Amino acid sequence: MRNELLQKEIDKATAVLPEPVVRYIQDCSKKKNPNSHLISVLHKVQDHFGFLAKEHMDAVSILMQIPSAKVTGVASFYHFFNFTPRGKHRVSLCMGTACFVKGAGKVLDKLQDLLGIKVGETSADGLFSIDVARCVGACALAPVMIVDEKVYAGVKPDQLVKILGEYGYNPKKAKP
Amino acid sequence: MSNPMEQLLERREKAEKRLRREKFNAKVRITVGSATCENAAGAPDVFKKVEELIKRHGLKDVTLSRVGCTGRCDMEPVVTVFSQRTTPVKYIAMTPDKVEKVFDSHILKAIPLKDLAMPNEGTQNTDFSEERLWGDARLTDRFSSVFNDVHFFGKQMRMTLRNCGVIDPEDMDEYIMVRGYQAAVKVLTDMTPNDVVNTVTKSGLRGRGGGGFPTGVKWNFALAQKNEEKYIVCNADEGDPGAFMDRSTIEGDPHTVIEGMIIGGYAIGARQGYVYIRAEYPLAIKRLEIAIAAARQAGFLGTGIFGTNWDFDIEIRLGAGAFVCGEETALIRSIEGERGMPRPRPPYPAASGLWGKPTVINNVETFANIPVVILDGPEWFSSIGTAKSKGTKVFALAGKVCNTGLVEVPMGTTLRDVVYGVGGGIRDGKKFKAVQTGGPAGGCLPESYLDTPVDYESLTAAGSMMGSGGMIVIDEDSCMVDVARFFLDFTQDESCGKCTPCREGTKRMLEILQRITSGRGVEGDIDKLLRLGDTIKRTSLCGLGQASPNPVISTIKHFREEYEAHIREKRCPAGVCAGLLTFSIISEKCIGCGACKRKCPVPCITGKPKEVHEIDQARCIKCGQCFEACKFDAVKRS
Amino acid sequence: MTIEKKVTLWIDGVKVTVPEKTTILQAADSININVPSLCYHPDLSVIGACRVCVVEVDGQRNPVASCSYPVAEGMKVKTSSPLLRRLRRDVVELILDNHPQDCQACVRNGTCELQKLAYDLGVRERLFEGERKRFPVDTSSPVHRNPEKCILCGRCVRVCDEVQGVHNLSVQHRGFNNVVAPAHDCKMIDSVCIHCGQCVNVCPTAAFTEQDATESVFEALSNPDLHVVVHTAPAIRATIGEGFGFRPGTPVTGKLVTALRMAGFHKVFDTNFGADLTIIEESTEFLSRVQKKERLPLITSCSPGWVNFMERFYPELIPLTSTCKSPMSMLSTLLKTYYAQQMGVDPEKIFVVAVMPCTAKKFEAKRPEHMAPWGKPYTDAVLTTRELVWMLKCLGVDFHNLEDGAFDSPLGVSSGAADIFGATGGVMEAALRTAYEKITGKELESLEFETVRGVEGVKETSIQIDGLTINIGVANGLQNAKNLLDRVASGEKQYHIIEIMACPGGCVAGGGQPYPPRGMHVLDPELGRLRAKALYSIDGSKSLRKSHENPAIELLYENFLGAPNSHLCHELLHTHYEPKTPRGVK
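All values derive from a computational prediction rather than experimental measurement.

### Side note on the overall build of chain C
Thought 1: If you tally the helices and strands in chain C, you get 19 helices and 17 strands.
Thought 2: Against the globule reference of 25 Å for 586 residues, chain C gives a C-alpha radius of gyration of 25 Å, in line with a compact fold.
Thought 3: With the principal axes as the frame, chain C shows a C-alpha extent of 80 × 65 × 50 Å.
Thought 4: By the burial criterion, 55% of the 586 residues in chain C qualify as buried.

### Regarding the interface of chain B and chain A
Thought 1: Taken together, the contact pairs 37 residues of chain B with 33 residues of chain A.
Thought 2: Within the residue set of the side of chain B that touches chain A, elements represented by two or more residues are α2 (36-40), α15 (328-335), β9 (392-399) and β13 (470-475) of chain B.

### Focus: helix α2 (residues 82-97) of chain C
Thought 1: For α2 of chain C, with 16 residues, the first-to-last C-alpha span of 22 Å sits near the 22 Å given by 1.5 Å per residue.
Thought 2: Counting buried positions along α2 of chain C gives 12 out of 16 residues, so the element sits mostly inside the fold.
Thought 3: Among the residues of α2 of chain C, those classed as buried are Leu 84, Leu 87, Arg 88, Arg 89, Asp 90, Val 91, Val 92, Glu 93, Leu 94, Ile 95, Leu 96 and Asp 97 of chain C.
Thought 4: Tucked inside the fold, the buried residues of α2 of chain C contact α21 (500-517) and α22 (525-539) of chain B together with β3 (54-57) and α3 (113-120) of chain C.

### Brief notes about the interface of chain B and chain C
Thought 1: Counting residues at the interface gives 25 residues for chain B and 27 residues for chain C.
Thought 2: Listed by contribution, the elements that provide at least two residues to the side of chain B that touches chain C are α20 (480-494), α21 and α22 of chain B.
Thought 3: Here the element with the most residues in the side of chain B that touches chain C is α21 of chain B; it accounts for eight residues.
Thought 4: The residue inventory of the side of chain B that touches chain C, partitioned by class, reads seven nonpolar, eight polar and 10 charged.

### Some thoughts on the sheet that holds strand β2 (residues 128-133) of chain A
Residues and elements named next belong to chain A.
Thought 1: Sheet architecture is open: four strands sit in the order β2-β1-β3-β4, paired in mixed fashion. The two strands at the open ends of the sheet, each matched to only one other strand, are β2 and β4 (150-152). On average, each strand axis in the sheet is inclined to that of its neighbour by 20°, with strand direction left out of account.
Thought 2: Sheet contacts for helix α7 (residues 104-115): β1 (89-94), β2 and β3 (145-147); angle to β1, the most-contacted strand, approximately 155°.

### Some details on the environment of Ser 248 of chain B
Residue and element names in this part refer to chain B.
Thought 1: Of note, Ser 248 is situated in helix α12 (residues 245-252).
Thought 2: C-beta crowding within 10 Å serves as the criterion here: with 31 such atoms nearby, Ser 248 is assigned to the buried category.
Thought 3: Those residues in contact with Ser 248 that sit more than four places away from it in its chain are Ala 35, Gly 68, Cys 69, Gly 71, Leu 161, Cys 164 and Leu 406.

### Quick word on the sheet that holds β3 of chain C
Residue and element names in this part refer to chain C.
Thought 1: Strand order in the open sheet formed by five strands is β2-β1-β5-β3-β4, and the pairing between neighbours is mixed. A strand with exactly one partner marks an edge of an open sheet, and here the two such strands are β2 (14-19) and β4 (64-65).
Thought 2: Judged from the two bridges that link them, strand β1 (residues 6-11) and strand β5 (residues 76-78) form a sheet pairing that is parallel. Bridge pairing in β5 places Trp 10 opposite Lys 76.

### Notes on the pairing of β2 of chain C
Residues and elements named next belong to chain C.
Thought 1: Bridge count between β1 and β2: six bridges; the pairing is antiparallel. Pairing of Thr 8 across the sheet is with Thr 17, part of β2.
Thought 2: The hairpin formed by β1 and β2 contains two residues between the paired strands, and Asp 12 there has a positive phi angle of roughly 50°.

### Some remarks on helix α10 (residues 193-203) of chain B
All names here are of chain B.
Thought 1: For α10, the complete set of buried residues consists of Val 196, Val 197, Thr 199, Val 200 and Ser 203. Projected down its long axis, α10 carries its buried residues within an arc of 160°, all on one side. Among the exposed residues of α10, those oriented more than 90 degrees off its buried face are Asn 194 and Asp 195.
Thought 2: As for α10, its buried residues are in contact with α9 (182-190), α11 (215-224), α13 (254-268), α16 (364-376) and α17 (378-382).
Thought 3: Immediately beyond the C-terminal end of α10, within one or two residues, lies Gly 204, with a positive phi of roughly 80°.

### Topic: unusual backbone geometry
Thought 1: In the segment running from Arg 345 of chain B into Pro 346 of chain B, the intervening peptide bond is cis, with an omega of -10°.
Thought 2: With an omega of 5°, the peptide bond between Pro 346 of chain B and Pro 347 of chain B qualifies as cis.
Thought 3: Here Pro 347 of chain B lies in the loop between α15 and β8 (359-363).
Thought 4: A positive phi angle, near 70°, is found at Tyr 181 of chain B, a position not held by glycine.
Thought 5: Structurally, the position occupied by Tyr 181 of chain B is in the loop between α8 (172-177) and α9.
Thought 6: Exposure remark for Tyr 181 of chain B: the 27 C-beta atoms within 10 Å place this residue in the buried category.
Thought 7: A positive phi angle, close to 50°, is found at Asp 12 of chain C, a residue other than glycine.

Cut-offs and rules
Residues numbered from 1 in each chain as written. Chains lettered and ligands numbered in written order. Predicted model: local features only at pLDDT ≥ 70, side-chain atom pairs only at ≥ 80, totals over all residues. Helix = DSSP H or I, 4+ residues; strand = E, 2+ residues; numbered from the N terminus. Rg over C-alpha atoms; globule rule 2.2 N^0.38 Å. Buried ≥ 20, exposed ≤ 12 C-beta atoms within 10 Å, placed from the backbone. Contact = placed C-beta atoms within 7 Å. Expected span 1.5 Å × (residues − 1). Nonpolar A, V, L, I, M, F, W, Y, C, P; charged D, E, K, R; others polar. Pairing = 2+ DSSP bridges. Axes fitted to C-alpha atoms, helices over the stretch in contact; angles between N-to-C directions. Arc of directions from axis to C-beta.

Next up, the structure:
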């Protein structure tokens, strides 16, 4: 009885997560202090899905046997994790001190205005989402904006339309 | 079987043979800076171009490799051309086009292109030779032999960053060539844990993460704990906005951190190490992974390392975007897979840390200094610096200064020397206003403090702190109340929320600052800020909370009149605080082009073409678009 | 054995010697110096979060939190100074600034620890007021959650983790946005919450409270069409006095009955009757399983918190759990069947109120398994002890000066075995009294089974009945229950019968009991002991002390139910369980 009920839950959870993550969790469970790998597991899940959905976290809870309140408590503590699907292109603006001093605030205002969304949200056409980074460590290039992997240095507000244009920005679709 | 040191030296010989074959014996050796910052500036394309040109010209005696970042961030990507006995030429801000030019002239015709190279070339003789670079010289001498002809570097002393920009971080043989792992083997074979602790204590090395706690004392405390299981942790959760020396160190010289940890682990009796590193640093993580794998492969990590009977291994743990995890008890919680909330001390981690076991946590920069302390000796190390602060400190110099980048200077160098000497003074001829050190936990120091020496005690006494080494130069264009608000915004957002004063208090301080910067400040607000600041300082649970009011307290101390102008006169002297600005059109300058009118989102600008325009103050939302749009300086911001 | 090292220090100039590792707060407490505190709870782990308990220590740059700071030899501590007064005041103001200002209208008015601290520490004006957090109140389950009143002391999280092992609550999000909530910030009813109410007990404010049933009871009482009956759980008589200023451990059965009559209930019955009946049914079930050697150990099912826990965390134990309804549900069912028949009243016109020490009982009453065939619950309303105290105060009942009353017959007659249900081990002791005599046919010499008494978390014993060794396990507090069950699962222990009470100490410390008086605290073992003592004294003073000798029970079987475990018994007095989702992670 015991195993049957639990096994059913485990099977369900296994189906939710990608196979390498499941294998990683199994590997961790054999190590000392298996629960300490929770954050690594969440990283892997987010790498795969782009965000952490409720069912992903519940599956992690079941497979790692960590109470789900704790899983969400941990996930929501760390700003690296996000809980809604991200845009096709992730626009990340550095808000480190150097970037701030060099006017990143104004770039952000403009960016939010252009896309009609706030930090952490995704534009209506699903093309862009905005994140704020806490210093990417490229202070000499301030203000720095990263779209997907590409880094833009010394960004000024009036360059944004052009930069976003490289990724298919259409004001009418981004802001319905 | 030969002893471990002989084995290492044999390995070094093999490495040398290989490198000579593949890299060093070439007529020309080209290195391309390839840290995150360099890559952002376009290094990958530059690297590809060099590779392509070598192939295209069929050059057999030209080699190419990646190195870390030199720290001259505003001139990246940097390409260095070594040709035998002459001082290497450092080409700056390279693009594929410029690479082509350099190739045509310098590589093919042996005529260096001075215009494309780092300025201040040739002011100092660096006494460069490949033998000197790879020989048995003092660890700190190699960097200088390549770079010290440049004023920016000549003013510095590279100890932590000694190999950054010099060796290929992904090739362990190059690290071995610069006497890598010799300190670890020396410690494992010739020294008892007590000897190591004593040596580190004697060197006077203090924690570089911000607190400045003597490293030897910390190690000694952990060594004294009777426990089979201990841990050593490298704190690479570099969270201070504006500080990136840890990233640069790991990206440029990952093995030195591993070696430092091996030594620390042996000294305190820890067989397992963890590197806790920000997930925001993918390249540093990758390089560290490569380095750990290479070290394991070579038997430098794992069981019976270096052929001794000591076991030691390292695991990487990723952070996930929480500034507070730089605090050691929070970091421990995070490695344990929990919310990174600090816990009260005592017990200190050295007595009860990871999983309740004795744990030593040092930061990247501290570990990077350990091999120097061991190989060059504690006496030499302690000869550098001041009475209480030994060695060097790396600063991330940024803001409104001419030369931005990573700067490593002996402790005791004055702020003026850093800002004006190495940094080359204020950009665009503006006036210096303040220098901010210590990140969100630090403070802003005005011009009258520029002769403060950079060491732990002096900076703290001045009302700021060393912190992890962020140094932001602020000029007259910045509003100090706004700067304080920026830092409070950061701390408040990064507060873990566990203890009342930090969670609630920073929010209230931020609200008051927002009130002041938007023109709604009232008499008494400064007193409230000071009182709240004092309460937070005295009652917060962790060091970060305790330090969070510092930016506000120090700006009130040194720039009180700016606060008062905001509150009493509803005026922002620097013209930054939008809520306090007015935009008006100077009729003499306005030609009636209509650019401002077209940009105005409200719209509140009226005026016929070719006539003087006017701004309706009642409707103006102070967005500043007109100010940006006007090409004739006809819009006045006040 | 290591000898405990002692440390001598000075607190406010007073020399005190305490064992090493004692905290400053404990050391101060030992010499009657009360350092104000908030997040600190003596029976939970120490987190040092609120920073109210700061004291000055010579040589320390900043004040330290006395709840977490260990004493040291020669330490000099100041617990009061102008600086400390200001700091504590400011810290408490900061908490208040993010808290609704509706003290007068709050259910915790008068029992709120924050309110008391704010007064004691002299917060008379607001200096730093600003934006206040906004959240809706979660009223989805018997345990209401109001994050706006939460001060993030984390006691609820700790009690849920450390004492109950449920791990339903965690601090979610970060910083100013911190909120204590179940996973995904979901509603309590959709969480793994077992509704035990221990979070309500430890909460210093009104962030956790019970669902209010008083209004529906007042309404029923004033409805002329309804026949309103009440029955009160064994534990109530030992605790309700505290709500009116009696010392903990003062039994007030007679006054309670009188008060309920004055409140307007048409009949006042005793849940004890249900308890005696439970013993008959459960011991019959037990003996039959022992004889057949199947489905052992039998696990008791009186505690609704435990039943919820079992269904979510240990669904594999469903076959082992007694199918007996709880005493409350047995009696409520009989009230709308047997009693209605006897009285000739339309059962749909009977309104049954149960006074319980428990918030989970509110959940139990609404379970589909406990619905009458006409679609209404057998128990119409469940009041906690606290709610009844308030109702009586609202009605102006002068509890102190009430004459003793007696429960109505026949469903008010009970044995002493039923009274002790309210204390951990009580159900076991009551069952043993009956099982022993049923098996042996002999009279017990001593009725007191001391080995199952006491407030320890886990109690184990074996007794010999006619050559048969019965292994017994008793656990209270679900973390203790987990420990015991895990040992069963691993095969380390074999029991025949296990009693589990969800709340630490049993029903006397249930999630619906009065907030303890000054000088005592929730989870205080001494409080549990005093309250239990009251029950044992009632038992000891009765001449009827075994469930099977209760004449009213005998009559009930004769006139209505037939034999124990009969078909009708199964239909009315037994229930079933189902695995519940979300499943809890142990």
